[in-house]
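# Residue-level structural notes
The residues making up each chain are set out below.
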Amino acid sequence: VLYNGKRWVGDSFLVSKESAGDCELRLEFMLPEGSESGVYLNGRYEVQLADSYGKIGLSFSDLGGLYQMRGEDEDAAETVGLPPLLNAAAAPGTWQTLEVKFRAPRFDDDRNKTEDALFVEVKINGQVVQKNAAVAEATQGAPFEGEARKGPVAIEGDRGPVAIRSFELRSADFESVETRRKAVDRS
């Protein structure tokens, strides 16, 4: 079990040694009342971990939300984030599960982005809270700048206590939209 207890100091992220592009992540986590954290796929795109038990009127900052994106102008009044489709949060102090299927952004040979990153599916406690959710930019406050084919998993640790156990990260291979388009064109 990994437990940050008091707030971490320094860069405030626990970062995996391994990097992944398309991947599947499964972990168990526990949050006390009022705490929040985040899990960054590719070190750039955050799924929010937050005590949202019993909350009505969800936003991107609730459990399973895709936290606000950096955007071209970080000082802009409007930011974009995606709230979870439903509130799947269990009571604070109980073990919960996060399962993510993530497709990394696609780039051409000149490093021009051809497809946005995609959360194919995000489940909290077995319930789908995000489905085919494209994200055009990295999350505000992400530990890594820009966008890339691969990156580590980072866990935010400066927003309150969080305990994590049973961390599993597997490489995956999710088709790009362009690959599917070519397959349909050939048939």
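The preceding data block contains the structure.
Report on the accompanying structure. This structure is a prediction, so every number in the text was calculated from the model and none was measured.

How each quantity is defined
Residues numbered from 1 in each chain as written. Predicted model: local features only at pLDDT ≥ 70, side-chain atom pairs only at ≥ 80, totals over all residues. Heavy atoms only, no water. Pairing = 2+ DSSP bridges. Helix = DSSP H or I, 4+ residues; strand = E, 2+ residues; numbered from the N terminus. Axes fitted to C-alpha atoms, helices over the stretch in contact; angles between N-to-C directions. Salt bridge = Lys/Arg side-chain N within 4 Å of Asp/Glu carboxyl O. Buried < 20%, exposed > 50% of the residue type's maximum accessible area, 1.4 Å probe, protein only. Polar contact = N/O pair within 3.5 Å; in protein donor to acceptor, adjacent residues only side chain to side chain. Contact = heavy atoms within 4.5 Å. Core = buried A, V, L, I, M, F, W, Y, C linked by side-chain atoms within 4.5 Å. Phe/Tyr/Trp six-rings, centres within 6.5 Å; stacked < 30°, edge-to-face > 60°. Lys NZ or Arg CZ within 6 Å of the ring centre and 35° of its normal.

Ordered by their spatial adjacency, four strands build an open sheet running β2-β11-β4-β5, and the pairing between neighbours is antiparallel. What marks the edges here is a single partner per strand, and that holds for β2 (13-20) and β5 (45-50). Taking each pair of neighbouring strands and ignoring which way they run, the sheet shows an average axis angle of 15 degrees. Bridge count between β2 and strand β11 (residues 151-156): five bridges; the pairing is antiparallel. When the bridges of β11 are listed, S19 appears paired with P152.

What follows covers the pattern of salt bridges. Applying the stated rule across the entire model yields 10 salt bridges. With a shortest N-O distance of 2.8 Å, K113 and D116 are connected by a salt bridge. Classification of K113 as partly exposed rests on a relative accessible area of 31%. Through salt bridges with shared partners, a single ionic network connects E24, E168 and R170.

What follows covers unusual backbone geometry. Phi at N42 is positive, roughly 60 degrees, even though this residue is not glycine. In this fold, N42 is placed in the loop between β4 (36-41) and β5. Within the chain, R111 stands out as a residue other than glycine whose phi angle is a positive 70 degrees. Within the secondary structure, R111 is located in the loop between β7 (106-107) and β8 (113-115).

Examined against the element boundaries, Q130 turns out to sit in strand β10 (residues 127-135). Residue Q130 is classed as buried on the basis of its relative accessible area, which comes to 3%. Within the structure, Q130 has its side chain in polar contact with the backbone oxygen of P83 (distance 3.1 Å). If we skip the residues at most four places from it in the chain, Q130 touches G64, G65, L66, L82, P83, P84, L85, V120, E121 and V122.

What follows deals with the nonpolar core. Formed by 31 residues in total, the largest nonpolar core has its most connected members in L41, L98, V100, F102 and F119. Those residues within four positions of L41 in sequence are excluded, and the remaining contacts are C23, L25, V47, V100, F102, F119, P152 and V153.

Take the pairing of strand β9 (residues 117-124) next. Within β9, seven of the eight residues are buried, which leaves it mostly tucked inside the rest of the structure. Inspection of the sheet shows strand β6 (residues 96-103) paired to β9 by six bridges, in the antiparallel sense. Looking at β9, one finds that R103 is bridged to L118. Sheet analysis places β9 next to β10, joined by seven bridges and oriented antiparallel. Within the sheet, the bridge partner assigned to K123 lies in β10 and is V128. From the end of β9 to the start of β10, which pair antiparallel, there are two residues, and N125 there has a positive phi angle of about 50 degrees.

A separate point is the environment of L118. Along the polypeptide, L118 turns up in strand β9. Looking at L118, the relative accessible area reads 13%, which means it is buried. Between the C-alpha atom of L118 and that of F102, which follows or precedes it by 16 residues, the distance is 6.0 Å. Here L118 is in contact with K101, F102, R103, N132, A133 and A134, once residues within four sequence places are set aside.

A word on the packing of aromatic side chains. Scanning the model with the defined rule gives four aromatic pairs in all. Ring geometry for Y45 against F102: centres 5.6 Å apart, planes inclined by 35 degrees, an arrangement best described as tilted. Placement of Y45 in strand β5 and of F102 in strand β6 is noted, with a sequence separation of 57 residues between them. F102 matches Y45 in its accessibility class, with the two residues each being buried. Centroid distance F60 to Y67: 5.2 Å. Interplanar angle 80 degrees. Geometry classified as edge-to-face. Among the residues examined, Y67 registers a relative accessible area of 22% and is labelled partly exposed. Note that R111 overlies the ring of F107, its terminal NZ or CZ placed 4.8 Å from the centroid.

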